[in-house]
Amino acid sequence: MYAAVFPLLSARALEEPFDYLVPDEFAHAVSRGSVVAVRLGAQTVLGVVLALSPASAHTGRHLSLLSVIDVPAVPGELLDLAFQVRDHYLSTLGAALSLALPPTGSLRLRRALRPTAAGLAALTAGERGAEALEDYVDTAPRGRGGDKAAGGQGAVRATSRATAERLRRRGWLAASYRLHVVRDRPVARLLEVGEGQPSKVGARQRAALDYVGRRKVDEATLRRHTGLSAAGLARLLTDDLLRVAGDGRRHAAVESAPTLLAEQEAALSEILAASGRGESVLLHGVTGSGKTEVYLRAAEAVLRSGHGVLVLVPEIGLTGQTVSRLARRFPNERIAVFHSSLAPGERLAAWRDAAEGRARLVLGARSAVFAPIRDLGLIVVDEEHDSSYKQDNEPRYDARTVAAWRARLSGAALVLGSATPSVEAFAGTARHVDLSRRVDGSLPPRLEIVDLRDVHGLLSPQLSRAMTQAVEAGEKVILFLNRRGYASLLACNHCGHTWTCPRCDVALAYFARGQRLRCRVCDYHEPAPGVCPACQSAELARFGYGTEALEREVSGLLPGIELLRLDSDVASSLARLSAVLERFGAPGAKVLVGTQIIAKGHHFPEVTLVGVVNADLTLHFPDFRAEERTFAMLVQVGGRSGRGERPGRVLVQTLDPEARPIALAASGEHEKFYRDELARRAALDYPPASTLLAVEVSSPSVDKATAGGAFVGERLRRALSHGESVIGPGSLSRERSRYVVRIVIKSAAIEATLPVMRELLARYGERFAQRGARLVVDVEPQWL
């Protein structure tokens, strides 16, 4: 038998699988989707079996599989999905397959020795010298026929290398490979005792449980004091013997299901009607309308029918509160969580739980769309409008598009939920259900527009008064400003010198914490200067403002108030993010200052005031989605207010109160905004009227980037012949020490455009690389 194996390499020249001979001892263990170790040139690499056949079309000698890796086979549905990702997003097959496989990015092959069938037969027959094989045989009893030949992969313990080599030459031992964790550094997070009941744990796992006790202990300290391995920790977390503090898994009581409103009942009926048919449902509900309850009821019905459920959220920070709701509603279900802050061993454990059917309920960010869930019956994409669902590196897939493909492959119902669905989802989803009121029967608070044209300072008198009144009443306040740091740039008042990034064409932002200048593009940083290097003047001025400056302003207005900040600097650590959200949710008056992270689905009933400090930052961004993002931002962040018993207010500060997205968000005319936006997009041939592709040529050399951009633009205009518009190359910029030019393509016939783009990459991608340039194509870019 032969296995068509695709090595997990991302080289674009590698597009076809290789045929390998399947040894008899592996025949029962290999199937489509099996992860195997193979020789490729001088390397031993991981690969995935794409097909099995009794014969090979290739003549000559065939190499044999070295080992079948001890992980569940990748489901055929995910292999098919990987091919779709390759074809649509113009990635390599290796990169696309890596999404569907166990998380091997931090795992490597470890070579060991295993007994062959001949060796096991010699041991059973008591042949001379065979007792040395005992060191390689698992202690579990062997099945009839010596079936441990493929699975027995014991480690070398006592046998000398000379003895092992003699046994290998005799044919009693052969090389074997296993996955092991590398770069196994502890993740920055706090751990505490979970609710699982210990049955059989190892000595170091027991020591870890005793060490944590009733405290919260950071992972690095725990592993340093107890010697606990990543695999041991992963098992403790999987069995809920330990848990990440603040992740919401502990629950005091099972949550009972509330009575659904009529609109919620209608939405649930639509979702269940789509189940088994692979259809999509757009759940367009105002903030606080009970969309999550509809998700839970649909999940309950699907789980009861024996199928699996996948819930996607746009940010890791939302997994804690979502897993808490799921755990309270489904106390008997094991929940597998997928996100990038998990340690490698934990990611592999979650993958196994889903693949082996122990976890039928999976929650995660973008990459969880490839979780190997058995018999998938429901996919929920929460906060569907969020651009975080698009990956910005290879392979550049959009999880929303992939979720729709997966729903069609599996027959699962796909629910796209949002208070502000993307324009593409609004126009392209056949089943469209509305939740027009909050669960208490009220409407979200109206937006109050504050004209900043004659106001000096960050906070208008109206917003300052409202904040003071809310805090004095013991209520909570959220202030939204979508720019981190203290100031946008630093300049000399004497000569005008401005500090810029040496790697990018942008000014360095000033961060008061740490007294540093930092680039928002590449994160280059340097100490904040005391004098100008050009004229030696100490008269340095700060222009613009960010969340740190807003923090200082609020401290002056409300001295003694508990003030918290949540932006990407804080959210870079899941432990810090969870701690901030937990503190803000605790009783008492508080003010939370933050960027777009605070607008994403958080539920704080005591928040009665939301202030948007500057609505113009997103409005005037040079992107065709700027108005859509401004509208969504105002509706979403405003929806954090008044979600409890007390009514809420939303104050929006702007220099352009008549701007269409601001005016329509304030008046609550959502349908009109979408109608107008669709008409504008159609007139300008932007999505959903077309599909966009962004072609990027970059090089450390300005001449090569410029020439490469002109060359690609000219080739595209010649090759594209289905009515596509080619815009550019645009102006030259510099990012991360590379000069960049971009070309935008608008295509109304994307299936005809993609083969031309793949041919472009195949013909010129490697040629550009050899000349010190890079050619990248991004299908469905979220930012231009």
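Scroll up for the structure.
Quick look at the structure, then. (Residues numbered from 1 in each chain as written. Predicted model: local features only at pLDDT ≥ 70, side-chain atom pairs only at ≥ 80, totals over all residues. Heavy atoms only, no water.)

A closer look at the environment of Arg736
With respect to the helices and strands, Arg736 occurs in the loop between β31 (733-735) and β32 (738-747). Distance from Arg736 to Asp505, taken between C-alpha atoms, is 9.2 Å for residues 231 residues apart in sequence. Apart from the residues lying within four places of it in its own chain, the contact partners of Arg736 are Arg503, Cys504, Val521 and Cys522. Polar side-chain contacts of Arg736 include one of 2.6 Å to the backbone oxygen of Val521. (Helix = DSSP H or I, 4+ residues; strand = E, 2+ residues; numbered from the N terminus. Contact = heavy atoms within 4.5 Å. Polar contact = N/O pair within 3.5 Å; in protein donor to acceptor, adjacent residues only side chain to side chain.)

Description of unusual backbone geometry
Residue Glu394 is joined to Pro395 through a cis peptide bond whose omega torsion reads -5 degrees. Mapping Pro395 onto the fold places it in the loop between β15 (376-382) and α13 (399-410). Here the bond from Pro687 into Pro688 is cis, since omega is 10 degrees, no more than 30 degrees from zero. Within the secondary structure, Pro688 is located in the loop between α22 (670-684) and β29 (691-699). A positive phi is found at Asp375, a non-glycine position, where the angle reads about 50 degrees. Along the chain, the position of Asp375 falls in the loop between β14 (361-364) and β15. A residue is classified by how much of its surface remains accessible, and Asp375, at 53% relative accessible area, is exposed. Here the phi dihedral of Gln515 falls at roughly 50 degrees; this positive angle occurs in a residue that is not glycine. Relative to the assigned elements, Gln515 resides in the loop between β21 (509-511) and β22 (516-518). (Buried < 20%, exposed > 50% of the residue type's maximum accessible area, 1.4 Å probe, protein only.)

A closer look at the packing of helix α23 (residues 702-719) against helix α24 (residues 750-770)
Two numbers describe how α23 lies on α24: the axes approach to 11 Å, and their chain directions differ by 155 degrees. Regarding the angle of α23 to α24, the classification is roughly antiparallel. The interaxial crossing formed by α23 with α24 has right-handed handedness. Only Val756, Met757, Leu760, Tyr764 and Phe768 of α24 make contact with α23, whose side of the interface consists of Gly708, Phe711, Val712, Arg715, Leu716 and Ala719. Of the residues assigned to the contact of α23 with α24, the class counts are nine nonpolar, one polar and one charged. (Axes fitted to C-alpha atoms, helices over the stretch in contact; angles between N-to-C directions. Parallel < 35°, antiparallel > 145°, perpendicular 65-115°, else oblique. Left-handed = near helix turned anticlockwise from the far one by under 90°. Nonpolar A, V, L, I, M, F, W, Y, C, P; charged D, E, K, R; others polar.)

Points about the sheet that holds β14
Strand pairing in a sheet relies on backbone hydrogen bonds, with the paired strands running either antiparallel or parallel. Within the open sheet, the seven strands sit side by side as β13-β14-β12-β15-β16-β11-β17. Their pairing is parallel. A strand with exactly one partner marks an edge of an open sheet, and here the two such strands are β13 (335-338) and β17 (431-435). Averaged over all adjacent pairs, the angle separating strand axes in this sheet is 15 degrees, with direction ignored. Note that β15 and strand β16 (residues 413-418) share five bridges and pair parallel. Residue pairing across strands places Ile379 opposite Leu414, the latter belonging to β16. Packing of α13 onto the sheet brings it into contact with β12 (308-312), β15 and β16, and relative to β15 it is tilted by some 165 degrees. (Pairing = 2+ DSSP bridges.)

Looking at the pattern of salt bridges
Across all of its chains, the model carries 48 salt bridges by this definition. In this structure, the salt-bridge partner of Arg518 is Asp523, at a minimum N-O distance of 3.8 Å. If you follow the salt bridges from partner to partner, you end up with Glu627, Glu628, Arg660, Glu677, Arg680 and Arg681 in one network. (Salt bridge = Lys/Arg side-chain N within 4 Å of Asp/Glu carboxyl O.)

What about the sheet that holds strand β18 (residues 447-451)?
One open sheet holds the six strands; their spatial order is β18-β28-β27-β19-β26-β25, and the pairing between them is parallel. Of all the strands in the sheet, just β18 and β25 (562-566) have a single pairing partner and so form its edges. This sheet shows a mean twist of 20 degrees between the axes of neighbouring strands, independent of strand direction. Bridge analysis of strand β27 (residues 607-612) against strand β28 (residues 649-654) gives four bridges, and the strand direction is parallel. Its bridge partner being in β28, Gly611 is matched across the sheet by Leu651. Sheet strands touched by helix α20 (residues 626-638): β18, β19 (476-480), β27 and β28. Its angle to β27, the strand with the most contacts, is close to 155 degrees.

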